[in-house]
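Coordinate analysis (summary)
For reference, the chains in residue letters:
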Amino acid sequence: MVHRFLLIIAVLALSLSPTFRAQDDEIPTLGILSLGYHSNVNLSVKGTLDMLQAYGYIDQKDRSVLDLRQNLEGEDINIFFGDGAYDIGLTSLMVRDALEKRPDALITITTPVSQIAANATLDMDDPPVVIFNVVSNPYVAGIADAPCIKPAHISGSQFLAPYDRIVPLMLLHDPDMQVLGTIFTSNEPSGVFGASQITAVAESHGLQVESASIVSAADLTIAAEGLVSKGIEAFILPTEATVASGLPAIIQVANEHGLPVMYTAGNAVYRGATIGAGVYSYFKEGVIAARMLIAHWEGETDIATTGINLQNDMSVGVNLDVAAAQGIEISQELLEAADFVVDDGQSSEGVTPGLPEVNPFLEDMTLDERRAADLAFLAELNCTDEMIAEQQAGLDAADG
């Protein structure tokens, strides 16, 4: 209770920070909001800040402030951060306080934050632009109905784990495996969706899946132990914020019983997972969000007609140090499928715990070259009348 009280005080303190310039001033104000901060979220933020720096909205001096997650009132942009501390109540408060700053735009990271921001801005007369990223399924979450059927002030990037390619990796690791265990949070659409996908794909490969539903991260240890008692041979976990934040609790149970843990993000191997396999990359999610925002601000595109991007490229990581501690031998076939391997604390591709992805950096190019590349990317997302009509027809047919 004391911990929660202190978290509430911390969030309220953010709302008492210096007032930012309003929307009608020349300098734009951007809020970057997340359910909580860990290495994956930091990669997304890095992608956004790298782009803003490349376009000249911030300089190196500004960046040194922002890298500490401190708010900035700059010469060309104002930026503030919001952290929900992995608490839905605090996250709702964070979004409310962010909107009271009258931002021109919000970049929301993870599904819960994006849901709350979307709902909070739907009935506003002049809402800020909301650009989401690291959201597994914005359609299941109710943020949008289809890539081009969405509120005019909202767009973003869908970070969809390719479960049809992830789950079979468990059989590549152990062809004799029969029972998998998965855990999901009942009030997180991304977790519910991911667990259903894991089950469907696993069953299509002749695997049995035992599932456990939780309400909060405090339930993770009991849920993991319950799955172990049902005879699971490995954990495979969906992409969602609560399970990601509580991954150490699951890993502790898994280590006690010598069971491998696969989390659906390649860089999860730096947070204790034996195998990480999922969407690549979190850094690119932040870059995409900034692409949309900058082009909108500079009048090159309009968020109202910018469709939702889909990113589902897969990355696979293996941590041999974790496997050794669990008494597990990783198959040669899985090692060959991995994009990077951690062995004796070192990565085969220079991936680090601080930057847990292969090459999380912008390509070196001139500003004109970057702008041309970014606009070409966004042109592929432009919603035409024909696309909107086709997507609406598909929705109507599904409802019928």
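Just so you know, these numbers come straight off a predicted model, no measurement behind them. (Residues numbered from 1 in each chain as written. Predicted model: local features only at pLDDT ≥ 70, side-chain atom pairs only at ≥ 80, totals over all residues. Heavy atoms only, no water.)

1. Re the overall build of the protein
In terms of helices and strands, the protein carries 16 helices and 15 strands. A compact globule built from 400 residues should have a C-alpha radius of gyration of about 21 Å, and the protein, at 21 Å, falls within 12% of that. When the backbone C-alpha atoms are referred to their principal axes, the protein occupies close to 60 × 50 × 45 Å. The buried share of the protein, reckoned over its 400 residues, is 55%. By sequence separation, contacts in the protein at least 24 residues apart represent 73% of the contacts at least 6 residues apart. Carbon and sulfur atoms provide 52% of the accessible area of the protein, an area that totals close to 16,700 Å². Counting 17 positive and 55 negative side-chain charges, the protein places the averaged centre of each group 8 Å from the other. (Helix = DSSP H or I, 4+ residues; strand = E, 2+ residues; numbered from the N terminus. Rg over C-alpha atoms; globule rule 2.2 N^0.38 Å. Buried < 20%, exposed > 50% of the residue type's maximum accessible area, 1.4 Å probe, protein only. Contact = heavy atoms within 4.5 Å. Areas by Shrake-Rupley, 256 points an atom, 1.4 Å probe, with all protein chains shown as cover. Lys, Arg positive; Asp, Glu negative; His and termini not counted. Charge placed at Lys NZ, Arg CZ, Asp CG, Glu CD.)

2. Details of unusual backbone geometry
Most peptide bonds are trans, and most residues other than glycine sit at a negative phi. The omega torsion of the bond from Y280 to S281 falls at 15 degrees, within 30 degrees of zero and hence cis. We note that T110 has phi near 90 degrees; this positive angle belongs to a residue other than glycine. Following the sequence through the fold, T110 ends up in the loop between β4 (105-109) and α5 (111-121). You can call T110 buried: its relative accessible area is 9%.

3. As for the sheet that holds strand β12 (residues 309-311)
One open sheet accounts for seven strands, arranged β2-β3-β1-β4-β5-β6-β12; its pairing is mixed. The sheet terminates laterally at β2 (72-73) and β12, the two strands that pair on one side only. Examined bridge by bridge, strand β1 (residues 29-34) and β4 share five bridges and lie parallel to one another. Residue L33 lies in a different strand from β4, and its bridge partner there is T108. Of the strands in this sheet, β1, β3 (78-83) and β4 touch helix α4 (residues 88-100), which is tilted by about 180 degrees from β1. (Pairing = 2+ DSSP bridges. Axes fitted to C-alpha atoms, helices over the stretch in contact; angles between N-to-C directions.)

4. A closer look at the packing of aromatic side chains
Per the counting criterion, the structure on display carries two aromatic pairs. Both rings, one in Y57 and one in W297, keep their centres 6.0 Å apart while their planes meet at 40 degrees; by these two values the pair is tilted. On the criterion of sequence distance, the pair formed by Y57 in the loop between α2 (39-54) and α3 (60-66) and W297 in helix α12 (residues 282-297) is long-range, its members being 240 residues apart. Judged by its relative accessible area of 12%, Y57 falls in the buried class. (Phe/Tyr/Trp six-rings, centres within 6.5 Å; stacked < 30°, edge-to-face > 60°.)

5. What to know about the state of the cysteines
Following the criterion strictly, the structure yields one disulfide and no others. The side chain of C148 participates in a disulfide bridge whose partner is C383; the two sulfur atoms lie 2.1 Å from each other. Measuring the twist about the S-S bond at about -90 degrees, one finds the C148-C383 disulfide to be left-handed. Residue C148 is found in the loop between β5 (129-135) and β6 (154-159), and its partner C383 is found in the loop between α15 (367-379) and α16 (385-399); the two are separated by 235 residues along the sequence. As far as burial versus exposure is concerned, C148 and C383 are alike and both buried. (Disulfide = S-S within 2.5 Å.)

6. Side note on the nonpolar core
Core analysis: the largest hydrophobic core is formed by 89 residues, its most contacted members being I79, L180, I183 and F235. Tallying contributions element by element places α12 first for this core, with 10 residues. Listed in part, the 21 residues of the second largest apolar core include F80, L106, V113 and V135. (Core = buried A, V, L, I, M, F, W, Y, C linked by side-chain atoms within 4.5 Å.)

7. So, the environment of V358
Assignment of secondary structure puts V358 in the loop between β15 (346-347) and α15. On the accessibility criterion, V358 (24% relative accessible area) is partly exposed. For the pair V358 and T305, spaced 53 residues apart in the sequence, the C-alpha separation amounts to 32 Å. For V358, the contacting residues outside a window of four places in its chain are Y280, F340, E349 and V351.

8. With respect to a negative patch on the surface
Where like charges cluster on the molecular surface, the negative patch consists of E363, D364, D368 and E369. Tracing the sequence through the fold places D368 in helix α15. Relative accessible area serves as the criterion here: at 60%, D368 is assigned to the exposed category. (Patch = residues over 30% accessible without salt bridge, like charges linked within 9 Å, V, L, I, M, F, W, Y side chains within 5 Å. Salt bridge = Lys/Arg side-chain N within 4 Å of Asp/Glu carboxyl O.)

9. Let's talk about the sheet that holds strand β7 (residues 179-185)
Overall, mixed pairing links the eight strands, which are arranged β8-β7-β9-β10-β11-β13-β14-β15 in an open sheet. Because the sheet does not close on itself, it has two edges, and the strands there are β8 (208-214) and β15. Of the strand pairs in this sheet, strand β10 (residues 261-263) and strand β11 (residues 275-279) are connected by two bridges, and their pairing is parallel. Paired with Y263 across the two strands is G276, which belongs to β11.

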